[in-house]
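What follows is each chain in one-letter form.
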Amino acid sequence: MTDGPSYGFDTLQIHAGARPDPATGARQTPIYQTTAYVFRDADHAAALFNLQEVGFIYSRLTNPTVAVLQERIATLEGGAGAVCCSSGHAAQIMALFPLMQPGCNIVASTRLYGGTITQFAQTIKRFGWSATFVDTDDLDAVAGAIDDNTRAVFCESICNPGGYVTDIRALADITEAAQIPLIVDNTAATPYLCRPFEHGASLVVHSTTKYLTGNGTVTGGCVVDSGTFDWSATDKFPSLSQPEPAYHGLKFHETFGPLAFTFHGIAIGLRDLGMTMNPQAAHYTLMGTETLSLRMQRHVENAEKLAAWLEADDRVDYVTYAGLPSSPYYERAKAQYPKGAGGLFTFAVKGGYDACVKLVNALEIFSHVANLGDARSLIIHAASTTHRQLTPEQQEAAGAGPNVVRLSVGIENIEDLIGDLDQALAQACS
Ligand SMILES: *Cc1c(COP(=O)(O)O)cnc(C)c1O
């Protein structure tokens, strides 16, 4: 498709990045199931390896199917470029890698996906990096946690699982003053509900495993760059602003401008970390993106109805969904996400841990799985699964106490979803 900045989201989610296959005319993007690409001649090969020409060398770095997905997600987010990788967790490392050095830190929200808290609290220490966790509603605490070695602030747009909505604009004001990027994990909102760059974020990460694919088939991740952060304004980001020895002293920011972060992600990140998305996964995710807006509309509609039904039920203690007027984040969600607050929420079952375990066992349509963002409805008891490695304090802070279950509301008939929860709650609370 030619550049059409005026096309709407529903058009772009089908067409952005793609064109009929130049070799065959195939209308759907082919799965380029190949590891390597034939060079035209030795000069062509040399130009590719020197980053003087953009093209395909080897599928650890770039692949035409993956490239279509990268361009599509970048377009949907309103970014300059994107790099896909093997999972959402890979995307987080890929986002931090160009920014960090041993001794550097990030300031991260306490309200994050459980696996992200573990990755940031434990694993990144092996690289000599660290994370300081703060309540991102306490803006003074966020600003106070930033020191000379801080290289980014990290948050989720809609937080999984707590029904919490981050005030992205307020955090962006702080990161702009500190001259560091704000990284937003936009997995739960998707660019259909929220475009963090419009609220001042510099980088977006996705687990494409979730709504972007939307059918629970493949893991994947993506780092999207707004292209607007000035990597050369300070000496904090030498990987992007200073000469790169492995490419004959090339300076990424000077050479590639708004695509510096994206090129670095491919030429250094994928080259050396190897967290590559494979073309099959890109194909499944491309299929998913074609219907993203339609699915998100139904996810939101079903979540709103189900949350209201549960909130009115005696067997339920409380529901945390930013789309409910009872939520402390209702107004913020309406302002930031006018199309709805997503398809995820938690509720607390009277009867606590034991009732939650009975509930997940009794459900017929909802599957008890450690995933979200599938077309089918999912439930998980976080305290006994995804958030099990966390301390009780971390569990509570993440909105995943022992009496709490998380729903990822699917796109089935709402009457069937209510009926299923009704019968399972009857068994759990008997
Ligand atoms: C699932 C998820 C991740 C991790 O993604 P993977 O694809 O499982 O590696 C990160 N952040 C959020 C919000 C998620 O839901």
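Residues numbered from 1 in each chain as written. Predicted model: local features only at pLDDT ≥ 70, side-chain atom pairs only at ≥ 80, totals over all residues. Heavy atoms only, no water.

Caption draft 1: Spatial organisation of the overall build of the protein. Secondary structure assignment for the protein yields 17 helices and 14 strands. The C-alpha atoms of the protein give 22 Å as radius of gyration, which agrees with the globular expectation for 430 residues (22 Å, within 12%). A principal-axis box enclosing the C-alpha atoms of the protein has dimensions of 75 × 55 × 35 Å. Out of the 430 residues belonging to the protein, those deemed buried represent 55%. Sequence-distant contacts, at least 24 apart, represent 71% of the contacts inside the protein between residues at least 6 apart. Carbon together with sulfur atoms contributes 52% to the accessible area of the protein, which is approximately 17100 Å² in total. Across the protein, the mean location of the 27 positive side-chain charges is 3 Å away from that of the 44 negative side-chain charges. (Helix = DSSP H or I, 4+ residues; strand = E, 2+ residues; numbered from the N terminus. Rg over C-alpha atoms; globule rule 2.2 N^0.38 Å. Buried < 20%, exposed > 50% of the residue type's maximum accessible area, 1.4 Å probe, protein only. Contact = heavy atoms within 4.5 Å. Areas by Shrake-Rupley, 256 points an atom, 1.4 Å probe, with all protein chains shown as cover. Lys, Arg positive; Asp, Glu negative; His and termini not counted. Charge placed at Lys NZ, Arg CZ, Asp CG, Glu CD.)

Caption draft 2: Up close: the state of the cysteines. A full pass over the atoms with the stated rule returns zero disulfides. With no disulfide partner, C104 has as its closest neighbouring cysteine sulfur the one in C155, 20 Å distant. Exposure remark for C104: the relative accessible area of 5% places this residue in the buried category. Left unpaired, C194 is separated from the closest cysteine sulfur, that of C155, by 9.3 Å. (Disulfide = S-S within 2.5 Å.)

Caption draft 3: Quick look at the side chain of N302. Following the sequence through the fold, N302 ends up in helix α13 (residues 292-311). When its relative accessible area of 2% is taken as the criterion, N302 is described as buried. The residues contacting N302, other than those within four sequence positions of it, are V409, G410, I411, E412, I414 and L417.

Caption draft 4: The arrangement of the domain arrangement of the protein in detail. Here the domain parsing of the protein yields domain 1 (9-288) and domain 2 (294-428). The distance between the C-alpha centroids of domain 1 and domain 2 comes to 29 Å. Contact with domain 1, which involves 33 residues of that partner, is made by 36 residues of domain 2. Between domain 1 and domain 2 lies a buried interface of about 3000 Å² when both sides are counted; carbon and sulfur atoms form 57% of it. Here domain 1 and domain 2 share one salt bridge between them. For the salt bridge of D137 with R332, the shortest nitrogen-to-oxygen distance reads 2.9 Å. Where domain 1 meets domain 2, there are 11 residue pairs in polar contact (both at pLDDT 80 or more). Elements supplying a minimum of two residues to the side of domain 1 that touches domain 2: α5 (114-121), β6 (164-165) and α8 (190-193). Taken together, the residues of the side of domain 1 that touches domain 2 sort by class into 14 nonpolar, 15 polar and four charged. (Domains from an automatic or database assignment. Buried area = accessible area lost by both parts, 1.4 Å probe. Salt bridge = Lys/Arg side-chain N within 4 Å of Asp/Glu carboxyl O. Polar contact = N/O pair within 3.5 Å; in protein donor to acceptor, adjacent residues only side chain to side chain. Nonpolar A, V, L, I, M, F, W, Y, C, P; charged D, E, K, R; others polar.)

Caption draft 5: A look at the site of the ligand. In the neighbourhood of the ligand, 15 residues make up the surrounding shell, with G88, D185, S207, T209 and K210 lying closest. For the ligand, an oxygen atom lies 2.8 Å from a polar atom in the side chain of S207. Within the complex, 92% of the 380 Å² of free accessible area of the ligand lies under protein. Taking a 2 Å distance to the grid points as the criterion, the majority of the atoms of the ligand fall inside the second largest pocket. When residues of the shell around the ligand are assigned to their parent elements, the largest contribution, three residues, is made by helix α4 (residues 88-96). Of the residues belonging to the shell around the ligand, the class tally is two nonpolar, 10 polar and three charged. (Near = heavy atom within 4 Å. 1 Å grid on protein atoms, 1.4 Å probe; cavity = no way out; pocket = protein on both sides within 12 Å on 5 of 7 lines; lining within 4 Å. Sits in = over half its atoms within 2 Å of the grid points.)

Caption draft 6: Main features of the sheet that holds strand β12 (residues 367-368). The strand order β10-β11-β14-β13-β12 describes an open sheet built from five strands, whose pairing is mixed. Since the sheet does not close on itself, it has two edges, and those belong to β10 (316-320) and β12, each with one partner. Lying over the sheet, α13 contacts β10, β11 (344-349) and β14 (404-408), oriented at roughly 15° with respect to β11. Together, β11, β12, β13 (378-380) and β14 form the strand contacts of helix α15 (residues 352-362), whose direction differs from that of β11 by roughly 125°. (Pairing = 2+ DSSP bridges. Axes fitted to C-alpha atoms, helices over the stretch in contact; angles between N-to-C directions.)

Caption draft 7: Quick peek at the pattern of salt bridges. Within this structure, the stated rule accounts for 12 salt bridges. In this structure, R40 and E53 form a salt bridge, with 3.4 Å as the shortest nitrogen-oxygen distance. Placement of the pair is R40 in the loop between α1 (9-15) and α2 (42-49) and E53 in the loop between α2 and α3 (64-77), with a sequence separation of 13 residues. With relative accessibility at 61%, the residue R40 sits in the exposed group. Across the salt bridge formed by R195 and E198, the nearest N and O atoms sit 2.9 Å from each other.

Caption draft 8: Quick peek at the packing of α15 against helix α17 (residues 414-428). Remark: α15 packs on α17, axes separated minimally by 8 Å, with the N-to-C direction vectors making an angle of 140°. Compared by their axis directions, α15 and α17 come out oblique. Remark: the crossing between α15 and α17 carries right-handed chirality. Counted together, A355, K358, L359 and A362 of α15 and Q423, A424, L425, Q427 and A428 of α17 form the full contact between these two elements. Here the residues of the contact of α15 with α17 sort into six nonpolar, two polar and one charged. (Parallel < 35°, antiparallel > 145°, perpendicular 65-115°, else oblique. Left-handed = near helix turned anticlockwise from the far one by under 90°.)

Caption draft 9: Representation of α2 within the structure. Listed in full, the buried residues belonging to α2 are H44, A45, A47 and L48. For α2, the angular spread of the buried residues around the axis is 165°, confining them to a single face. The exposed residues of α2 that point more than 90 degrees off its buried face are A42 and D43. Taking the backbone nitrogen of D43 as reference, a side-chain oxygen 3.1 Å away marks D41 as the first, capping residue of α2. L51 sits one or two residues past α2 and shows a positive phi near 60°. (Arc of directions from axis to C-beta.)

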